[in-house]
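# Structural features, examined
Each chain, letter by letter, is given below.
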Amino acid sequence: MVPDPLPDRNVFIRTDQFSFVREGIPALVFKFGFAKNTPEFDIEHDWRASRYHAPSDDLKQPMLKEEAMKLDAVCRRTGQTDRGC
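Residues numbered from 1 in each chain as written. Predicted model: local features only at pLDDT ≥ 70, side-chain atom pairs only at ≥ 80, totals over all residues. Heavy atoms only, no water.

### A short note on unusual backbone geometry
Of note in the backbone geometry, Asn37 takes a positive phi value of approximately 65° without being a glycine. Looking at where Asn37 falls in the secondary structure, it is placed in the loop between helix 1 (18-22) and helix 2 (39-50). On the accessibility criterion, Asn37 (70% relative accessible area) is exposed. In this structure, His53 takes a positive phi of about 60° despite not being glycine. (Helix = DSSP H or I, 4+ residues; strand = E, 2+ residues; numbered from the N terminus. Buried < 20%, exposed > 50% of the residue type's maximum accessible area, 1.4 Å probe, protein only.)

### Regarding the packing of aromatic side chains
Counted by the stated rule, this structure contains two aromatic pairs. When the centroid spacing of 5.4 Å and the interplanar angle of 50° are considered together, the rings of Trp47 and Tyr52 count as tilted. Above the plane of the ring of Tyr52 lies Arg48, whose end atom (NZ or CZ) is 4.9 Å from the centre. (Phe/Tyr/Trp six-rings, centres within 6.5 Å; stacked < 30°, edge-to-face > 60°. Lys NZ or Arg CZ within 6 Å of the ring centre and 35° of its normal.)

### What about the pattern of salt bridges?
If you walk through the whole model with that rule in mind, you get three salt bridges. Residue Glu67 is joined to Lys70 by a salt bridge in which the shortest nitrogen-to-oxygen separation is 3.1 Å. Residue Glu67 and its partner Lys70 are both found in helix 3 (residues 65-79); the two are separated by three residues, about one turn of the helix. For Glu67, a relative accessible area of 34% corresponds to the partly exposed category. Put simply, Asp72 and Arg76 hold a salt bridge, and the shortest N to O gap is 3.0 Å. Here Arg76 and Asp72 lie together in helix 3, a separation of four residues that amounts to about one turn. With relative accessibility at 45%, the residue Asp72 sits in the partly exposed group. (Salt bridge = Lys/Arg side-chain N within 4 Å of Asp/Glu carboxyl O.)

### Here's the deal with a nonpolar patch on the surface
Together, Phe12, Ile13 and Val29 make up an exposed nonpolar region whose accessible area comes to about 230 Å². Mapping Ile13 onto the fold places it in the segment before helix 1. Relative accessible area serves as the criterion here: at 46%, Ile13 is assigned to the partly exposed category. (Patch = residues over 30% accessible without salt bridge, like charges linked within 9 Å, V, L, I, M, F, W, Y side chains within 5 Å. Areas by Shrake-Rupley, 256 points an atom, 1.4 Å probe, with all protein chains shown as cover.)

Below you can see the structure in the form of structure tokens.
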């Protein structure tokens, strides 16, 4: 986990989860993120600006399948009630 590299964008309050939080219901947001001023950050930033929710945002794009699987595992473990912790 890292702090939001672009806090001025107020990304969390624009998520679907924010409606729950506003009503006092805890909600989490999971997403890929990269440290600011890195090549990875620039790639994601450009992708969000030019392809995210655009017609070119399709399954033909390159993706980091192993990293997506890691994020999926974190989300799954977080949602489990019996994690053995």
